[in-house]
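Listed here are the chains, written in short residue letters.
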Amino acid sequence: MMEEEFRSIRIEKEICHGCMSCMRICPTHAIRVHSNKASLIKELCIDCGECVRTCEYKAILPLTSSFSEFSKFKYTIALPSPVFYSQFGKEIQPGILLEALKKIGFDDAYDVACSSEAVSIALQEYLDSNEGPRPLISPYCPTILRLIQVRYPNLLENLIPIESPMEIAAREAKRKKMQELGLSEKEIGAIYITPCPAKMISILSPPRKKHSFLDGTIAISEIYPSILQAIPQITTKNDVKEVRGLGLGWPIVGGQVASLKAEECIAIGGINDCIRILEDIENGKLRDIQYIECHSCPNACVGGSLTIENQYIARGKVLKIVEKYGSQPCQEREYIRELYRRNFFSQLGKISASPIKPLDDDISKAIQKMKQKQKILDMLPKIDCGICGAPTCETFADDVIKGLTCADECIILTVKKFESMSGNLFETAQKHSRKIKSRWEDEKK
Ligand code: SF4
Ligand code: SF4
């Protein structure tokens, strides 16, 4: 049975104005606009959320859960991305925000930054003890993971097989509550408070395994107003749990690398820079680098499309939070190392490639179609005007060959066709007029 393909966005055709801003910003050319309505080519989408951010009519909706879906659980736990702590006033400490999550309806809230710190220690152990391919690449931005599956399948083996902080946190939070309350795993809902729609894809199609310990996501932007209202209700500040550790720095570019001891590590933010780096790795470069932290968003997760705070201000707040609470470890390093030795963090399955389909499954037909595509492309002006509803002349030629559009949609080709037709008409008229003239002259004689 074919696995269902989930993507992190949905286009509301009724609301779409056909302005093409999403088509122009999409880094993988996954959007087309025909008859003034945008549509998505699912196999090309990498869930980056750029189109969600850019659509001023709010016609592109992120795939997240709604609160009503969680009523089926007997007990709910909120797991906020560490980005959440950077969205409010500087004076509001992370522990208060965990309490505020309980005030807005969750039964409990579990700090994911602590799991990020534990994952950093596990990453360090893996880097120290494994000889495998270099550089190793972080798999924690789902967009980068998808980009590698689609465009750089040769690099799948460079993805480090250490479980993500959100999965570790959900597994631990559920395990503790199952013991404490005698509930089954299915009766407990673990909900990630997310900065981006891509995280939902990691839950619906988790890498290297069949089942995620998380049950849904809620956008930071969605719960922001209710959290603001809940904060003043937290009066017993002495009972607030202290959140600490270097995992608090994970939401910014360099946050993972800063928590590692390895020297040859680099951190990249922004999809286009990540594409350049992945191309370099594919071409055999950067082998002396041990680990590369890659984020699709230029400022990493503080710049996710479902956040509220200005990303530069949020970055500053993360740095302050780390300065204040980061120096004290969240858990004993030796304890985490022991868990690592017991495979607590290991991802055992394989990540499969999702390469873009060729023009035809039959290789000789595919070559034929490639030639036809090149012929069409040679006739096109290569100005990428977008009037045809495709982002570039090359994607337009591809669409024509795949039967998704017809060559007449290119205004330049149509004008050329009319020009040559009118040229032919003119020649024919001239020919006929010469004939008539000579007959008329013959008759006169
Ligand atoms: S989520 Fe990103 S890749 Fe997918 S359609 Fe939107 S801009 Fe393109
Ligand atoms: S960098 Fe972070 S917020 Fe942006 S797409 Fe990746 S995981 Fe989501």
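All figures in this text were calculated on a predicted structure; none of them were measured in a lab.

The rules we used
Residues numbered from 1 in each chain as written. Chains lettered and ligands numbered in written order. Predicted model: local features only at pLDDT ≥ 70, side-chain atom pairs only at ≥ 80, totals over all residues. Heavy atoms only, no water. 1 Å grid on protein atoms, 1.4 Å probe; cavity = no way out; pocket = protein on both sides within 12 Å on 5 of 7 lines; lining within 4 Å. Points joined across faces, edges and corners; volume = space filled by probe spheres on them. Nonpolar A, V, L, I, M, F, W, Y, C, P; charged D, E, K, R; others polar. Helix = DSSP H or I, 4+ residues; strand = E, 2+ residues; numbered from the N terminus. Contact = heavy atoms within 4.5 Å. Polar contact = N/O pair within 3.5 Å; in protein donor to acceptor, adjacent residues only side chain to side chain. Patch = residues over 30% accessible without salt bridge, like charges linked within 9 Å, V, L, I, M, F, W, Y side chains within 5 Å. Areas by Shrake-Rupley, 256 points an atom, 1.4 Å probe, with all protein chains shown as cover. Salt bridge = Lys/Arg side-chain N within 4 Å of Asp/Glu carboxyl O. Phe/Tyr/Trp six-rings, centres within 6.5 Å; stacked < 30°, edge-to-face > 60°. Buried < 20%, exposed > 50% of the residue type's maximum accessible area, 1.4 Å probe, protein only. Lys NZ or Arg CZ within 6 Å of the ring centre and 35° of its normal. Pairing = 2+ DSSP bridges. Axes fitted to C-alpha atoms, helices over the stretch in contact; angles between N-to-C directions. pLDDT = per-residue confidence, 0-100. Near = heavy atom within 4 Å.

1. Considerations on empty space enclosed by the protein
Throughout the structure, instances matching the rule amount to four cavities of 30 Å³ or more. The calculated volume of the largest cavity comes to roughly 520 Å³. Here the lining of the largest cavity is built from residues that sort into 24 nonpolar, ten polar and three charged. Approximately 100 Å³ is the volume attributed to the second largest cavity.

2. Regarding the environment of S86
Note that S86 resides in the loop between β5 (75-80) and α3 (94-103). Once the C-alpha coordinates of S86 and Q311 are considered, the two residues, 225 residues apart in sequence, prove to be 9.3 Å apart. Residues contacting S86, with those up to four places away along its chain left out, are V302, E309, A314, K317, V318 and I321. A polar contact of 2.6 Å, which involves the side chain of S86, links it to the backbone oxygen of V83. Here the side chain of S86 touches Q87 through a polar contact of 3.2 Å, side chain to side chain.

3. Digging into a nonpolar patch on the surface
Taken together, the side chains of I383, I387, I411, I412 and V415 make up a nonpolar region of the molecular surface, amounting to roughly 440 Å² of accessible area. Within the secondary structure, V415 sits in helix α15 (residues 411-444).

4. Remarks on the packing of aromatic side chains
Taken as a whole, this structure holds seven aromatic pairs when the rule is applied. Plain terms: the ring middles of F84 and Y85 are 6.5 Å apart, the flat faces sit at 55° to each other, and that makes the pair tilted. Taken as a pair, F84 and Y85 share a single burial class, namely buried. When the ring of F344 is compared with that of F345, the centres are 5.0 Å apart and the planes differ by 75°; the resulting orientation is edge-to-face. According to the relative accessible area criterion, F345 is buried, its value standing at 1%. Taken together, the ring pairs connect F84, Y85, F88 and Y224 into an aromatic cluster. The ring of F344 has R171 sitting right over it, with the charged end atom 4.4 Å from the ring centre.

5. Description of unusual backbone geometry
Across the junction of R134 and P135, the peptide omega takes the value -5°, indicating a cis bond. The phi dihedral of M20 falls on the positive side, at around 75°, and the residue is not glycine. By the secondary structure assignment, M20 is in the loop between β1 (9-11) and α1 (21-25). Unusually for a residue other than glycine, S35 sits at a positive phi of about 50°.

6. Notes on the sheet that holds β5
Ordered in space as β6-β5-β8-β9, the four strands form an open sheet in which the pairing is parallel. Both outer strands of the open sheet, β6 (108-109) and β9 (216-219), are each paired with one neighbouring strand and no more. Taken together, the four bridges between strand β8 (residues 188-194) and β9 define a ladder with parallel strand orientation. Note on β9: the bridge partner recorded for Y192 is T217. Where helix α8 (residues 220-230) meets the sheet, it contacts β8 and β9, and its direction lies at approximately 60° from that of β9.

7. Overview of the sheet that holds strand β7 (residues 136-137)
Within the open sheet, the three strands sit side by side as β7-β11-β10. Their pairing is parallel. Two strands bound the open sheet, and with one partner strand each, they are β7 and β10 (265-269). As paired elements, β10 and strand β11 (residues 291-295) share five bridges and run parallel to each other. Bridging from a neighbouring strand, C265 pairs with Y291 of β11.

8. Brief notes about the confidence of the model for the protein chain
Summarising the model, the protein chain shows a mean pLDDT of 92, and 95% of its residues fall at 70 or more. Summarising per-element confidence for the protein chain, the mean pLDDT is lowest in α15 (72) and highest in β5 (98).

9. What to know about the site of ligand 1
Taken together, 13 residues surround ligand 1, and among them C26, C45, C48, G49 and C51 come closest. Classifying every residue of the shell around ligand 1 gives nine nonpolar, two polar and two charged.

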